[in-house]
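Okay, here's what each chain looks like letter by letter:
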Amino acid sequence: QVQLVESGGGLVQAGGSLRLSCAASGRTSNYAMAWFRQAPGKERKFVAAIRWTYGSTYYADSVKGRFTISRDNAKNTVYLQMNSLKPEDTAVYYCAAGPRWLSMVESDYDYWGQGTQVTVSS
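Residues numbered from 1 in each chain as written. Predicted model: local features only at pLDDT ≥ 70, side-chain atom pairs only at ≥ 80, totals over all residues. Heavy atoms only, no water.

K.L.:
Give a description of the overall build of the protein chain that names residues and reports values.
P.N.:
When helices and strands are counted, the protein chain shows 0 helices and 11 strands. Beginning at the N terminus, the succession of helices and strands in the protein chain can be written as β-β-β-β-β-β-β-β-β-β-β. Relative to its length of 122 residues, the protein chain is compact, with a C-alpha radius of gyration of 13 Å against a globular reference of 14 Å. Dimensions along the principal axes, computed over C-alpha positions, put the protein chain at roughly 40 × 30 × 25 Å. Put simply, the protein chain has 122 residues, and 44% of those count as buried. Looking at the protein chain alone, contacts between residues at least 24 apart form 58% of all its contacts between residues at least 6 apart. If you sum the accessible surface of the protein chain, you get close to 6300 Å²; carbon and sulfur atoms cover 46% of it. Looking at the protein chain, you have 13 positive and 9 negative side-chain charges, and the mean spots of the two groups are 6 Å apart. (Helix = DSSP H or I, 4+ residues; strand = E, 2+ residues; numbered from the N terminus. Rg over C-alpha atoms; globule rule 2.2 N^0.38 Å. Buried < 20%, exposed > 50% of the residue type's maximum accessible area, 1.4 Å probe, protein only. Contact = heavy atoms within 4.5 Å. Areas by Shrake-Rupley, 256 points an atom, 1.4 Å probe, with all protein chains shown as cover. Lys, Arg positive; Asp, Glu negative; His and termini not counted. Charge placed at Lys NZ, Arg CZ, Asp CG, Glu CD.)

K.L.:
With reference to specific residues and values, describe the pairing of strand S3 (residues 18-25).
P.N.:
Relative to S3, strand S1 (residues 3-7) runs antiparallel, the two sharing 5 bridges. When the bridges of S3 are listed, Glu 6 appears paired with Cys 22. In terms of strand pairing, S3 meets strand S8 (residues 77-82) through 6 bridges, oriented antiparallel. Across the sheet, Arg 19 pairs through a bridge with Gln 81, a residue of S8. (Pairing = 2+ DSSP bridges.)

K.L.:
Residue-level account of the state of the cysteines, with values.
P.N.:
With the rule as written, the count across this model stands at 1 disulfide. Covalent S-S linkage joins Cys 22 and Cys 95, the inter-sulfur distance amounting to 2.0 Å. The chirality of the disulfide connecting Cys 22 with Cys 95 is left-handed, given an S-S dihedral of about -75°. Of the two residues, Cys 22 is situated in strand S3 and Cys 95 in strand S9 (residues 91-97); the sequence distance between them amounts to 73 residues. (Disulfide = S-S within 2.5 Å.)

K.L.:
Residues and numbers for the nonpolar core, please.
P.N.:
In terms of nonpolar packing, the biggest core is built from 37 residues, with Leu 4, Met 33, Trp 35, Leu 80, Met 82 and Tyr 93 touching the most fellow members. Listed by contribution, the elements that provide at least two residues to this core are S3, strand S4 (32-38), strand S5 (44-51), strand S7 (67-72), S8, S9 and strand S11 (116-121). Apart from residues lying up to four places away in sequence, Met 82 is in contact with Gly 16, Ser 17, Leu 18, Leu 20, Arg 66, Phe 67, Tyr 93 and Val 118. (Core = buried A, V, L, I, M, F, W, Y, C linked by side-chain atoms within 4.5 Å.)

K.L.:
Give a detailed account of the packing of aromatic side chains, specifying residues and quantitative values.
P.N.:
How two aromatic rings sit relative to each other is set out by the distance from centre to centre and by the angle between their planes. Taken as a whole and assessed by the stated rule, the structure comprises 6 aromatic pairs. Taken together, a centroid distance of 6.1 Å and an interplanar angle of 20° make the contact between Tyr 31 and Tyr 111 stacked. Highlighted residues: Tyr 31 in the loop between S3 and S4 and Tyr 111 in strand S10 (residues 111-112), separated in sequence by 80 residues. For the pair Tyr 31 and Tyr 111, a shared accessibility class is recorded, and that class is buried. Relative to Phe 46, the ring of Phe 36 lies with its centre 5.7 Å away and its plane at 75°, an arrangement referred to as edge-to-face. Here Phe 46 lies in strand S5 and Phe 36 lies in strand S4, a separation of 10 residues in the sequence. Residue classification places Phe 36 among the buried positions, given a relative accessible area of 1%. Taken together, the ring pairs in this structure connect Phe 36, Phe 46, Tyr 58, Tyr 109 and Trp 112 into an aromatic cluster. A cation over a ring is seen here: Arg 44 above Tyr 94, with NZ or CZ 4.6 Å from the ring centre. We note Arg 44 situated over the ring of Trp 112; from NZ or CZ to the ring centre the distance is 3.9 Å. (Phe/Tyr/Trp six-rings, centres within 6.5 Å; stacked < 30°, edge-to-face > 60°. Lys NZ or Arg CZ within 6 Å of the ring centre and 35° of its normal.)

Have a look at this one:
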């Protein structure tokens, strides 16, 4: 069983930065970890993914060059560094753990955190 706890969300002005954290408990070493987000009234969408073992990453086009996903194996924590934030980045951000491959498909992920709110003001 894997448990995920997100933190680091908040209110920031456009152009600012935030770093989200996802603390994982349980066996995650063979998993890919990902961040998804859900804006009000919209479907949840993929943001970024990373593999624990190799550190390989994958990003949605909308965040490429602005967001960076990383992991700290010793702390069993995944991070999402978000720079140059835009109002359209406003959403609840969810951490997920799942397949052994990098995937942007929500149904591939088995475990989810409770989400953390990110609000970007213009």
